[in-house]
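Letter by letter, the chains look like this.
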Amino acid sequence: MKGKVAVVTGAAKGIGKAIARKFAEAGAHTVILDFDQNNGEETAAEFSRDYSESLFIKTDVSDPESLRKASDQVLAYFKRVDILVINAGISYLHSIDEISIEEWQRVLRINLDGSFYTLKAFCDHFVDNVGKVIFITSGSAITGTGGGMHYASSKAGQHGLMRAASKEFGPRGINVNAIAPRVIQTDILDTLYPDDASREELLKKIPLRRIGQPEDIANLALFLASPESSYIHGQIMLADGGRTY
Ligand SMILES: NC(=O)c1ccc[n+]([C@@H]2O[C@H](COP(=O)([O-])OP(=O)(O)OC[C@H]3O[C@@H](n4cnc5c(N)ncnc54)[C@H](O)[C@@H]3O)[C@@H](O)[C@H]2O)c1
């Protein structure tokens, strides 16, 4: 990945950070887009020190203007984009009576609208007729569990977006795929399963009997970002320890 430029949204922590680190270890320049300034700056500084140059740009993926500015900045700085990971997302485990209209709109705006805005802001920056777009979606889109109705709907929407994007971008030499995690050890998981009892119950449902780590998703992202996966296109890859099927 030497010389390649990888843009990852929501990379200040969690799965996005693990993916960006994996790319940085492989030699890529990374762009950390996140609205968490402290963790974002720290991440970019760490990657620049330990691997290759990394840029943090404070960005709100629910704001198209913020993304447009970020994409202009990336183009001015690195002159190209090779890999785009659409990862930023939020989740609430709420039932219908707990979901206000504002909360519904917030989840859809960040998870689904934000995915489209990100794609639209960066899709013309791929060069050399090769590119990789990876959506981080969720098994929730398939099972309806692990978040509220807003979360599952936003993630199912991402799958439609990914499939439509694969039809449009395939002829341009850009691979588009989705990784659908289920339970991965990050802050989102701590909100969804806050105590030991709920964790124990959860483990019983996972045939591999462990909660996934951000690196499990990063390893798959590295493969999907590499030339070795060049004939994999328009796919949703569950990374769930065997829990779903
Ligand atoms: N952790 C899991 O179990 C799990 C399971 C399935 C899918 N996912 C998906 O993986 C992705 C990453 O989740 P995570 O577990 O690493 O979460 P996380 O909360 O650890 O990290 C999410 C990151 O996204 C950023 N972010 C949120 N809203 C943003 C916005 N509007 N603009 C810019 N940045 C924003 C946050 O600041 C944070 O850095 C999400 O799309 C999530 O839905 C996670």
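Calculation rules
Residues numbered from 1 in each chain as written. Predicted model: local features only at pLDDT ≥ 70, side-chain atom pairs only at ≥ 80, totals over all residues. Heavy atoms only, no water. Helix = DSSP H or I, 4+ residues; strand = E, 2+ residues; numbered from the N terminus. Contact = heavy atoms within 4.5 Å. Near = heavy atom within 4 Å. Polar contact = N/O pair within 3.5 Å; in protein donor to acceptor, adjacent residues only side chain to side chain. Areas by Shrake-Rupley, 256 points an atom, 1.4 Å probe, with all protein chains shown as cover. 1 Å grid on protein atoms, 1.4 Å probe; cavity = no way out; pocket = protein on both sides within 12 Å on 5 of 7 lines; lining within 4 Å. Sits in = over half its atoms within 2 Å of the grid points. Nonpolar A, V, L, I, M, F, W, Y, C, P; charged D, E, K, R; others polar. Buried < 20%, exposed > 50% of the residue type's maximum accessible area, 1.4 Å probe, protein only. Pairing = 2+ DSSP bridges. UniProt positions renumbered as here; feature names shortened; annotations may be inferred. Axes fitted to C-alpha atoms, helices over the stretch in contact; angles between N-to-C directions. Parallel < 35°, antiparallel > 145°, perpendicular 65-115°, else oblique. Left-handed = near helix turned anticlockwise from the far one by under 90°. Salt bridge = Lys/Arg side-chain N within 4 Å of Asp/Glu carboxyl O. Arc of directions from axis to C-beta.

## Here's the deal with the environment of V176
Residue placement: V176 occurs in strand 6 (residues 174-181). With 17 residues separating them in the primary sequence, V176 and H159 have C-alpha atoms 11 Å apart. Apart from residues lying up to four places away in sequence, V176 is in contact with V133, F135, M162, A165, S166, F169, H233, G234 and Q235.

## Details of the site of the ligand
Around the ligand there are 28 residues in total, and D34, N87, Y151, R182 and T186 lie nearest to it. Within the side chain of D34, one N or O atom sits 2.6 Å away from an oxygen atom of the ligand. Contact with the protein chains covers 96% of the free accessible surface of the ligand, which is 830 Å². In a pocket analysis with a 2 Å cut-off to the grid points, the ligand is assigned to the largest pocket. Those elements that place two or more of their residues in the shell around the ligand are helix 1 (14-25), helix 6 (149-169) and helix 7 (187-192). Its residues assigned to classes, the shell around the ligand comprises 13 nonpolar, 8 polar and 7 charged.

## Regarding the pairing of strand 4 (residues 83-86)
Where a strand is regular, its side chains alternate between the two sheet faces. Side chains I83 and V85 of strand 4 all project onto a buried face; the interleaved residues L84 and I86 project onto the opposite face, where all are buried too. With 3 bridges joining them, strand 1 (residues 5-9) and strand 4 adopt parallel strand pairing. Counterpart to V7 in the pairing with strand 4 is L84. Looking at chain direction, strand 4 and strand 5 (residues 131-136) are connected through 4 bridges and run parallel. Note that in strand 5 the partner of I83 across the bridge is K132.

## Section: the UniProt feature "domain: Ketoreductase" (unreviewed entry) in the protein chain
Taking the UniProt record as the reference, the feature "domain: Ketoreductase" (unreviewed entry) is found at residues 4-182. Split by type, residues 4-182 is 49% helix and 19% strand. Its first and last C-alpha atoms lie 29 Å apart.

## Examining the packing of helix 4 (residues 101-122) against helix 6
Between helix 4 and helix 6, the shortest axis-to-axis distance is 9 Å and the interhelical angle comes to 15°. In terms of their interaxial angle, helix 4 and helix 6 are classed as roughly parallel. Judged by the sense of rotation from one axis to the other, the crossing of helix 4 with helix 6 is right-handed. Mapping the contact onto sequence places E103, W104, V107, L108, N111, L112, S115, F116 and L119 in helix 4 and M149, H150, Y151, S153, S154, K155, G157, Q158, L161, A165 and F169 in helix 6. Here the residues of the contact of helix 4 with helix 6 sort into 11 nonpolar, 7 polar and 2 charged.

## Overview of unusual backbone geometry
We note that K79 has phi near 70°; this positive angle belongs to a residue other than glycine. You can see K79 is positioned in the loop between helix 3 (64-78) and strand 4. Owing to a relative accessible area of 59%, K79 belongs among the exposed residues under this scheme. One non-glycine residue with positive phi stands out, namely R209, at about 55°. Mapping R209 onto the fold places it in the loop between helix 8 (196-204) and helix 9 (214-224).

## Here's the deal with the pattern of salt bridges
In total, this model carries 11 salt bridges according to the counting rule given. One salt bridge connects D187 with K13, and the closest N-O pair in it is separated by 2.8 Å. Linking D187 in helix 7 with K13 in the loop between strand 1 and helix 1, this pair joins segments that are 174 residues apart in sequence. The exposure class assigned to D187 is partly exposed, which follows from its relative accessible area of 45%. Residue classification places K13 among the partly exposed positions, given a relative accessible area of 41%. Note that R199 is salt-bridged to D190, the shortest N-O span being 2.7 Å. One salt-bridge network, in which partners are shared between bridges, spans K17, R21 and E46.

## Describing helix 8
Residues lying three or four places apart along an α-helix face the same way, a consequence of the helix completing one turn every 3.6 residues. Within helix 8 the residues assigned to the buried category are S198, R199 and L202. When helix 8 is viewed along its axis, its buried side chains cluster within an angular range of 100° and face the same direction. Facing away from the buried side of helix 8 by more than 90 degrees, the exposed set consists of D196, A197 and K204. Tucked inside the fold, the buried residues of helix 8 contact helix 7.

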